[in-house]
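Structural features, examined
Now for the letters of each chain:
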Amino acid sequence: MKELQESSKETAMVRDIVLDGVKLTEQAMPRYLEELQALCLLESPSDDPAGLNASAKMLATLLQRVDMQTTIVEHPRGNAVVGTLMGDNPHAPTCLLIGHHDTVHPLGAAQERTRLDGERFYSPGTVDMKAGLLQGIYALEVLKKQGYRDFNKILFLSVPDEEISSRYHVGLIRQIAQERPYVFGLEGASKVGTVVIRRKGCAHYRLTAEGAAAHAGSSPERGRNAVLELAHQIVQAQSFMHWRKGFTINAGPIRGGSRPNVVSDFAEIVFDIRFLYPQDRIDAIERWHELLQNQLVRDVKLTLTPEPDSMVPMVATDESLALAEHVRYISEQILQTNYAPETRGGASDCCNMAAAGCPSIDGLGAIGGGAHTSNEYALLPPVPARVGLIAGLIVATTITTAI
């Protein structure tokens, strides 16, 4: 992949697109805010097909405005939307803007919490990630208005199942990954120059303990307390915290026992582990099985099983880091802001794309805070710069990777 040169014709083209994108978006901010509010008020919890489908339909309508051919990929649990825009340069690469329109917030939350407070727009699902989806669409609008068509294909994908572990559109993601696009994730960010160059993988493991019940008062010695053994195993498992760089473990939902006067014969817990490299997970599980042999309560049966739909890490590659260098150039040389590469513990579908061999960077969406909380918000002043960044990034990738 070629690098942008300060005096090159290609760099001048990128500069023009970025600065025009900022200007055009500044002029369009009233419309952006109106559409963001409408999209957020289409409440779309991960378990509400009606809201998910309505959001997918609105996104499809917005994509059609920038001349994308759209496909609603139907599923009983919620629809995804795919947009396709063909360009004039068959030698250029395919670029993919990717995100999700499901949220973690319950129905009714948006009606209660949506408001504009100065420079902050508060609403569930804003920074994570409806504002980012909208910024991606506005970046495509910039390319359309500037008549830029020197690309092969631009894809837009939004799925309704990113916030849950029981995924049902992963097959669609893998299908698109077969085209090996250059991937730009529209997850939220903290600064104008932010780009996520690495994401940790995520996996959940269920640990069950099966003991023997007994009367807690008259014959406790006959019991085998599963709750006690599980507590011992939780403490042991916490030794994995930071045992390798970036590795974390969290003891999550737990249940066990029946009554205070009965020695507990069953208990279980689900752990969350995060890791920077696939081998870290493999080595941790091997060590974990060794720890399970060190029991406090004898004859309690312990079973460690992975939950479905784990997420692999988004590992930085030479190609993905070259994409990040475009972000650096646009941020520092054109937008006059600090470049801010990040490694994040949270997973996204860029992880799935990277695992399939697609050069992937993330965190190119809205700037804000409070994700997954009652005070989630997106900042409005940075929107034009972020739109310009995305538009410029597409152009920079196209002109530096064309055969």
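Right, let's walk through the structure included here. All figures in this text were calculated on a predicted structure; none of them were measured in a lab. (Residues numbered from 1 in each chain as written. Predicted model: local features only at pLDDT ≥ 70, side-chain atom pairs only at ≥ 80, totals over all residues. Heavy atoms only, no water.)

The next subject is helix 2 (residues 49-65). Given a rise of 1.5 Å per residue, 17 residues ought to cover 24 Å, and the 25 Å separating the end C-alpha atoms of helix 2 matches this to within 8%. Gly 51, Leu 52, Ser 55, Ala 56, Met 58, Leu 59, Ala 60, Leu 62 and Leu 63 are the residues of helix 2 that are buried. Packed against the buried residues of helix 2 are helix 1 (9-41), strand 1 (69-73), strand 2 (80-86), helix 4 (126-145) and strand 6 (153-159). One or two steps after helix 2, the chain reaches Asp 67, where phi turns positive at roughly 75 degrees. (Helix = DSSP H or I, 4+ residues; strand = E, 2+ residues; numbered from the N terminus. Expected span 1.5 Å × (residues − 1). Buried < 20%, exposed > 50% of the residue type's maximum accessible area, 1.4 Å probe, protein only. Contact = heavy atoms within 4.5 Å.)

Before going further, it helps to examine the packing of aromatic side chains. Under the definition given, this model contains nine aromatic pairs. Here Tyr 205 and Trp 288 contribute two aromatic rings whose centre-to-centre distance is 5.9 Å and whose plane-to-plane angle is 50 degrees, an arrangement assigned as tilted. Remark: Trp 288 occurs in helix 7 (residues 278-292) and Tyr 205 occurs in strand 9 (residues 201-210); sequence separation between them is 83 residues. Owing to a relative accessible area of 2%, Trp 288 belongs among the buried residues under this scheme. Put simply, the rings of Tyr 205, Phe 240, Trp 243, Phe 247, Phe 271 and Trp 288 touch in pairs and so form one group of aromatic residues. Between the NZ or CZ atom of Arg 115 and the centre of the ring of Tyr 122, over which it lies, the distance is 4.0 Å. The ring of Trp 243 carries the charged tip of Arg 244 above its face, separated from the ring centre by 4.7 Å. (Phe/Tyr/Trp six-rings, centres within 6.5 Å; stacked < 30°, edge-to-face > 60°. Lys NZ or Arg CZ within 6 Å of the ring centre and 35° of its normal.)

An order of 1-2-6-3-7-14 is seen for the six strands of this open sheet, with the pairing classed as mixed. Edge strands, defined here as strands with exactly one partner in the open sheet, are strand 1 and strand 14 (360-361). On the sheet, helix 5 (residues 170-177) packs against strand 1, strand 2, strand 3 (94-100) and strand 6 and is oriented at approximately 170 degrees with respect to strand 6. (Pairing = 2+ DSSP bridges. Axes fitted to C-alpha atoms, helices over the stretch in contact; angles between N-to-C directions.)

In terms of burial, strand 9 is largely enclosed, as seven of its ten residues are buried. Bridge analysis of strand 9 against strand 11 (residues 266-275) gives ten bridges, and the strand direction is antiparallel. Paired with Arg 206 across the bridge in strand 11 is Val 270. In this sheet, strand 12 (residues 301-306) lies alongside strand 9 in antiparallel orientation, the contact comprising six bridges. When the sheet's bridge partners are listed, Thr 208 is paired in strand 12 with Thr 303.

Quick look at empty space enclosed by the protein now. For the structure shown, the criterion picks out three cavities of 30 Å³ or more. Of the volumes computed, that of the largest cavity is approximately 60 Å³. Ile 98, Gly 99, His 100, Met 129, Glu 162, Gly 185, Leu 186, Glu 187, Ser 348, Asp 349, Cys 350 and Asp 362 together form the lining of the largest cavity. Sorting the residues of the lining of the largest cavity by element identifies strand 3 and helix 9 (349-355) as the ones contributing at least two each. Tallied by class, the residues present in the lining of the largest cavity amount to four nonpolar, four polar and four charged. (1 Å grid on protein atoms, 1.4 Å probe; cavity = no way out; pocket = protein on both sides within 12 Å on 5 of 7 lines; lining within 4 Å. Points joined across faces, edges and corners; volume = space filled by probe spheres on them. Nonpolar A, V, L, I, M, F, W, Y, C, P; charged D, E, K, R; others polar.)

Time to look at unusual backbone geometry. A cis geometry characterises the amide bond from Asp 128 onward to Met 129, with omega recorded as -5 degrees. Locating Met 129 in the fold gives a position in helix 4. At Arg 180, a position not held by glycine, the phi torsion is positive, near 50 degrees. Note that Arg 180 resides in the loop between helix 5 and strand 7 (182-185).

For the rest of this paragraph, the subject is the sheet that holds strand 16 (residues 377-379). Across the sheet, which stays open at both edges, the four strands sit in the order 4-5-16-15 with antiparallel pairing between neighbours. This sheet does not close on itself; its edge strands, each paired only once, are strand 4 (115-117) and strand 15 (368-369). As judged from the three bridges shared by strand 4 and strand 5 (residues 120-122), these two strands associate in the antiparallel manner. Within the sheet, the bridge partner assigned to Leu 116 lies in strand 5 and is Phe 121.

Another point: the packing of helix 1 against helix 4. Helix 4 packs onto helix 1 with a crossing angle of 135 degrees between their chain directions and a minimal axis gap of 9 Å. Classified by the angle their axes make, helix 1 and helix 4 are oblique. Here helix 1 runs over helix 4; the crossing is right-handed. Facing helix 1, whose interface residues are Ile 17, Gly 21, Leu 24, Thr 25, Ala 28, Arg 31, Tyr 32, Glu 35, Leu 36, Leu 39 and Cys 40, helix 4 presents Thr 126, Lys 130, Ala 131, Leu 134, Gln 135, Tyr 138, Glu 141, Val 142, Leu 143 and Lys 145. (Parallel < 35°, antiparallel > 145°, perpendicular 65-115°, else oblique. Left-handed = near helix turned anticlockwise from the far one by under 90°.)

Within the largest apolar cluster, 71 residues are counted, with the highest numbers of intra-cluster contacts made by Leu 140 and Phe 184. Excluding residues that lie within four positions of it along the chain, Phe 184 makes contacts with Cys 95, Leu 96, Leu 97, Ile 98, Leu 323, Ile 361, Leu 364, Leu 393, Ile 394 and Thr 397. One finds Phe 275, Leu 291, Leu 292 and Leu 302 within the second-largest nonpolar core, a separate group that totals 25 residues. (Core = buried A, V, L, I, M, F, W, Y, C linked by side-chain atoms within 4.5 Å.)

Of all seven residues in strand 3, seven are buried, a share of seventy percent or more. Neither face of strand 3 is open: one carries Thr 94, Leu 96, Ile 98 and His 100, the other Cys 95, Leu 97 and Gly 99, and all of them are buried. Where strand 3 lies against strand 6, seven bridges are found, and the strand directions are parallel. Bridging across to strand 6, Leu 96 finds its partner in Leu 155. Sheet analysis places strand 3 next to strand 7, joined by four bridges and oriented parallel.

Read these as spatial facts, not as claims about activity.
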